[in-house]
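One-letter residues, chain by chain:
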There are 2 protein chains.
Amino acid sequence: MKEVVIGIDIGGTNTKFGYVDREGNNLSSGSIPTDKYENLDDYMDYLHKELEKCKNEIDEDIKLAGIGIGAPNGNYYKGTIEYAPNLKWKGVVNLTDHFNKYYDVPVRLTNDANAAALGEMIYGGAKNMKDFIVITLGTGLGSGIVVNGDVVHGHDGFAGELGHTIVKPNGRRCGCGRRGCLETYVSATGIKRTVFKLFAATMEDSELRKYSYNELTAEMITKAAEKGDKLALEAFDNTGKVLGLKLADAVAHTSPEAIFLFGGLSKAGDFIFKPVQQYMEENLLEIYKNKVKILPSGLMDKNAAVMGASALIWKEIND
Amino acid sequence: MKEVVIGIDIGGTNTKFGYVDREGNNLSSGSIPTDKYENLDDYMDYLHKELEKCKNEIDEDIKLAGIGIGAPNGNYYKGTIEYAPNLKWKGVVNLTDHFNKYYDVPVRLTNDANAAALGEMIYGGAKNMKDFIVITLGTGLGSGIVVNGDVVHGHDGFAGELGHTIVKPNGRRCGCGRRGCLETYVSATGIKRTVFKLFAATMEDSELRKYSYNELTAEMITKAAEKGDKLALEAFDNTGKVLGLKLADAVAHTSPEAIFLFGGLSKAGDFIFKPVQQYMEENLLEIYKNKVKILPSGLMDKNAAVMGASALIWKEIND
């Protein structure tokens, strides 16, 4: 009888899930649309059916050890999703209670970036580290901070929102309602905004000038950079400069051994890693210099969000 | 037989010490000049003699449980002081080894602000808190971050240097060799620099204009503010604005229940607490708003540094 954990990654558009064993193997996986279900009960009903289907595809005898969930604004202490702007379920939703109507096993919930940090620790590049940070670069910027071998949840379960530290008072408007947040500069959307700012600020010729704001993607900026497009390269340099500066601040808080970059924008490789490393070093206090590694996530090509969510349970069992 | 711990606070000018019991009572205390001893062996010899004298003044039978030391650039893991700019012992000094030549008890060392955070947890206002931050406002700005009941040391023992997070790239020059550090704006020296900036920037009449840079102290700025001096009030507002902004960033890292302000500048009361609270709230992400208390240290009028240093040992015994 093989012990498995259901890992679930709830995103604004899709919910991905999988049955993950202790070694991080995904025995069976699936996905449903999140945004089709305005009513949480309907969503749960459909998700449960799909999870059962998914289970039947596994050949071995399995025993369910628990369910781990990563979700935006997920609260680890309460098992709730609270005021998540990109989900249709409004206010405070007690998600773990809903799962316990279907499953009599431990259910744990945290935000998606914290789950990514756990995944990095259990299955990825941070296996032997006790102090590190994971930065997820998607539409926004998420972060999970690990101190002394545990994800930092803070007194209220919401710690680790580096995407909403302030780069510049009265800077770019953010989806959170404030201004100047890190993720308005450093994310797939952030670098796109930077490209359009450079269109206005410079006369630099660029193949990117032919695209509308709605058309342009971070991947297109990376492709242009690969071809030596100067404006694209300048956009990456600016992005790395802002992230490097704020990571130097993050180091002054928890002094991590490494900072892992994860998600879409991190696939740009040296275009993003080199300036981040350079500008972070320039801004580090002397005692921290040449100590902190900037690394690609060890889970880059795997279903990291699902693995990270499952790690919520495996970590508890291991401890 | 009463168990006691020697708490030692090593500053650039003076070394203070005391025999502290489990309840935080200082049974006997003393002080020697730090800067008179260029040679560490001479310093240790003299300190040991004074500690013995100090012990003889205690009436009860005592048993020494350990020695806790707070020192600038103190490294908790290694027991070393490393490259402390304000001490005469250069490079890396293994202080705990030196103490063990005289005492066969556990000796623990950390930086002074981390010791203050421990003191707050064991004896002060954070007795029932597991996640909080202590900001020490002296000549510079120190910080101790507590996560899940433990001081954050980081992978290298040097975590918690919020005084050297960057407020403004290319901003004010800092003693650390970089520019724009928080402590160049927020500290006894920082507010003084702000007053002199306001002398230049405004035409505001002020009683402070009669003092030279060398004469002016933070206490004089507080006294002027108490009398309604507008320039002094503006200096406090500016100082609170910068600290509030950076504390909002700190909350986005570890989401503490409270932030304690400690040391000289915090004695200015509402002049500093009100703007810090206001500007921090303005800059907090929605999920953190109206949750984080800004509090005066519960050790304000006690020999907090010595108590905090002793707490290094008591915390270990309690755990």
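Residues numbered from 1 in each chain as written. Chains lettered and ligands numbered in written order. Predicted model: local features only at pLDDT ≥ 70, side-chain atom pairs only at ≥ 80, totals over all residues. Heavy atoms only, no water.

J.: It is not clear to me how the overall build of chain A should be interpreted in this structure. Could you clarify?
T.: Broken down by element type, chain A carries eight helices and 13 strands. Computed over the C-alpha atoms, the radius of gyration of chain A is 20 Å, within 12% of the 20 Å expected from 2.2 N^0.38 for a compact globule of 319 residues. Within chain A, the fraction of its 319 residues that count as buried is 58%. A total accessible area of about 13100 Å² is found for chain A, and carbon and sulfur atoms account for 46% of it. Measuring between centres, the 37 positive side-chain charges of chain A sit 5 Å from its 43 negative side-chain charges. (Helix = DSSP H or I, 4+ residues; strand = E, 2+ residues; numbered from the N terminus. Rg over C-alpha atoms; globule rule 2.2 N^0.38 Å. Buried < 20%, exposed > 50% of the residue type's maximum accessible area, 1.4 Å probe, protein only. Areas by Shrake-Rupley, 256 points an atom, 1.4 Å probe, with all protein chains shown as cover. Lys, Arg positive; Asp, Glu negative; His and termini not counted. Charge placed at Lys NZ, Arg CZ, Asp CG, Glu CD.)

J.: Help me understand the relation of the copies chain B and chain A, please; the structure alone is not making it clear to me.
T.: The relation between the two chain copies is a rotation about an axis coupled with a shift along that axis. When chain B is brought onto chain A, the operation consists of a screw motion whose angular component is 180° and whose axial shift is 0.0 Å, with 0.1 Å RMSD remaining. Interpreted geometrically, this transformation is the action of a two-fold axis. The share of interface residues of chain B whose copies in chain A are also at the interface is 100%, consistent with both copies meeting through the same surface. (Least-squares fit on C-alpha atoms with pLDDT ≥ 70 in both. Contact = heavy atoms within 4.5 Å.)

J.: Could you clarify how one ought to interpret the interface of chain B and chain A in this entry?
T.: At the junction of the two partners, chain B supplies 36 residues and chain A supplies 36 residues. Both faces considered, chain B and chain A share a buried interface measuring about 3200 Å² in area, 62% of it formed by carbon and sulfur atoms. Where chain B packs against chain A, one counts four salt bridges. Between A:Asp156 and B:Lys291 there is a salt bridge; the shortest N-O distance is 2.8 Å. Taken together, the links from chain B to chain A amount to 22 residue pairs in polar contact (both at pLDDT 80 or more). At the level of secondary structure, the elements contributing two or more residues to the side of chain B that touches chain A comprise strand 10 (141–147) and helix 6 (230–254) of chain B. A class-by-class count of the residues in the side of chain B that touches chain A yields 17 nonpolar, 11 polar and eight charged. (Buried area = accessible area lost by both parts, 1.4 Å probe. Salt bridge = Lys/Arg side-chain N within 4 Å of Asp/Glu carboxyl O. Polar contact = N/O pair within 3.5 Å; in protein donor to acceptor, adjacent residues only side chain to side chain. Nonpolar A, V, L, I, M, F, W, Y, C, P; charged D, E, K, R; others polar.)

J.: Please explain the domain arrangement of chain A as it appears in this structure.
T.: How large an interface is tends to be reported as the accessible area lost when its parts come together. Residues and elements named next belong to chain A. Domain boundaries assigned for chain A yield domain 1 (2–121 + 302–318) and domain 2 (129–296). A separation of 27 Å is found between the C-alpha centroids of domain 1 and domain 2. With 17 residues of domain 1 at the interface, the matching set in domain 2 holds 22 residues. Summed over both sides, the interface of domain 1 with domain 2 buries roughly 1400 Å², with 62% coming from carbon and sulfur. For the interface between domain 1 and domain 2, the tally reads one salt bridge. Its salt-bridge partner being Asp150, residue Lys315 comes within 2.9 Å of it at the nearest N-O pair. Here domain 1 and domain 2 share four residue pairs in polar contact (both at pLDDT 80 or more) between them. Contributing elements (two or more residues each) for the side of domain 1 that touches domain 2: strand 5 (74–75), helix 3 (112–122) and helix 8 (304–318). Sorting elements by how many residues they give to the side of domain 1 that touches domain 2 places helix 3 first, with seven residues. (Domains from an automatic or database assignment.)

J.: Explanation requested: the nonpolar core in the structure shown.
T.: Soluble, globular proteins show a tendency: their nonpolar side chains are buried together. If you look at the biggest cluster of nonpolar residues, it comprises 96 residues, and the most contacted ones within it are A:Ile135, A:Ile259, A:Met280, B:Ile135, B:Ile259 and B:Met280. Setting aside its immediate chain neighbours within four residues, A:Ile259 contacts A:Ile133, A:Ile135, A:Leu247, A:Val251, A:Met280, A:Val292, A:Lys293, A:Ile294 and A:Leu295. (Core = buried A, V, L, I, M, F, W, Y, C linked by side-chain atoms within 4.5 Å.)

J.: Even after reading the chapter, I still don't get the confidence of the model for chain A, so can you show me in this structure?
T.: Note that predicted coordinates carrying low pLDDT should not be read in detail. Averaged over every residue, the pLDDT of chain A is 94; residues scoring 70 or more account for 99%. If you check the scores for this complex, the pTM reads 0.92 and the ipTM reads 0.92. (pLDDT = per-residue confidence, 0-100.)

J.: Whenever I open this one, helix 4 (residues 188–201) of chain A confuses me. Can you help?
T.: An α-helix turns once every 3.6 residues. As a result, residues three or four positions apart point the same way. Spanning 14 residues, helix 4 of chain A covers 20 Å between terminal C-alpha atoms, matching the ideal 20 Å at 1.5 Å per step. Within helix 4 of chain A, the full set of buried residues consists of A:Gly190, A:Ile191, A:Lys192, A:Thr194, A:Val195, A:Leu198 and A:Phe199. (Expected span 1.5 Å × (residues − 1).)

J.: Help me out: how do you make sense of the sheet that holds strand 10 (residues 141–147) of chain A in this one?
T.: Strand pairing in a sheet relies on backbone hydrogen bonds, with the paired strands running either antiparallel or parallel. All names here are of chain A. Strand order in the open sheet formed by five strands is 11-10-9-12-13, and the pairing between neighbours is mixed. Both outer strands of the open sheet, strand 11 (150–151) and strand 13 (293–296), are each paired with one neighbouring strand and no more. Summarising the sheet, strand 10 and strand 11 pair through two bridges and their orientation is antiparallel. For Val147, the partnering residue across the bridge sits in strand 11 and is Asp150. The sheet strands contacting helix 3 are strand 9 (132–137), strand 10, strand 11 and strand 12 (258–262), and the helix crosses strand 10 at an angle near 50°. (Pairing = 2+ DSSP bridges. Axes fitted to C-alpha atoms, helices over the stretch in contact; angles between N-to-C directions.)

J.: Just checking my understanding: could you explain the packing of aromatic side chains for this structure?
T.: Given two aromatic rings, one states the distance between the centres and the angle between the planes to describe the pair. Residue and element names in this part refer to chain A. As enumerated under the stated definition, the model contains 16 aromatic pairs over all chains in all. Between Tyr37 and Tyr43 the ring centres are 6.2 Å apart and the planes differ by 65°, which places this aromatic pair in the edge-to-face class. Judged on exposure class, the residue Tyr37 and its partner Tyr43 are both buried. Each ring, one from Phe196 and one from Phe199, has its centre 4.9 Å from the other, and the planes form 65°; the classification is edge-to-face. (Phe/Tyr/Trp six-rings, centres within 6.5 Å; stacked < 30°, edge-to-face > 60°.)

J.: I tried to follow the sheet that holds strand 6 (residues 80–82) of chain B on my own but got confused; where do I start?
T.: All names here are of chain B. Taken in spatial order, the three strands line up as 5-6-7 in an open sheet, and their pairing is antiparallel. Each edge of the sheet is formed by a strand with only one pairing partner; in this case those strands are strand 5 (74–75) and strand 7 (92–94). Bridge count between strand 6 and strand 7: three bridges; the pairing is antiparallel. Its bridge partner being in strand 7, Ile81 is matched across the sheet by Val93.

J.: How should I be thinking about the pattern of salt bridges in this particular structure?
T.: Between side chains of opposite charge, a pair can form as their charged atoms come close. Counted by the stated rule, this structure contains 32 salt bridges over all chains. Put simply, A:Lys49 and A:Asp45 hold a salt bridge, and the shortest N to O gap is 3.6 Å. On the criterion of helical spacing, the pair formed by A:Lys49 and A:Asp45 is a turn pair, its members being four residues apart in helix 1 (residues 40–56). Classification of A:Asp45 as partly exposed rests on a relative accessible area of 35%. Among the salt bridges present, the one from B:Glu82 reaches B:Lys78, with a minimum N-O distance of 3.4 Å. For B:Glu82, a relative accessible area of 8% gives the class buried. Linked through salt bridges whose partners overlap, the residues forming this network are A:Lys246, A:Asp249, B:Lys246 and B:Asp249.

J.: It is not clear to me how the environment of A:Lys315 should be interpreted in this structure. Could you clarify?
T.: All names here are of chain A. Residue placement: Lys315 occurs in helix 8. Judged by its relative accessible area of 13%, Lys315 falls in the buried class. On a C-alpha basis, the gap between Lys315 and Leu118 in space is 7.9 Å, while along the polypeptide they are 197 residues apart. With sequence-adjacent residues up to four places away left out, Lys315 is seen in contact with Leu118, Met121, Ile122, Gly149 and Asp150. A polar contact is formed between the side chain of Lys315 and the side chain of Asp319, at a distance of 2.8 Å.

J.: Can you help me understand the side chain of B:Lys246 in this one?
T.: Within the element layout of this structure, B:Lys246 appears in helix 6. For B:Lys246, a relative accessible area of 8% translates into the label buried. Polar side-chain contacts of B:Lys246 include one of 2.7 Å to the side chain of A:Asp249. Setting aside anything within four residues of it in sequence, one finds B:Lys246 in contact with A:Lys246, A:Asp249, B:Thr165, B:Ile166, B:Val167 and B:Leu182.

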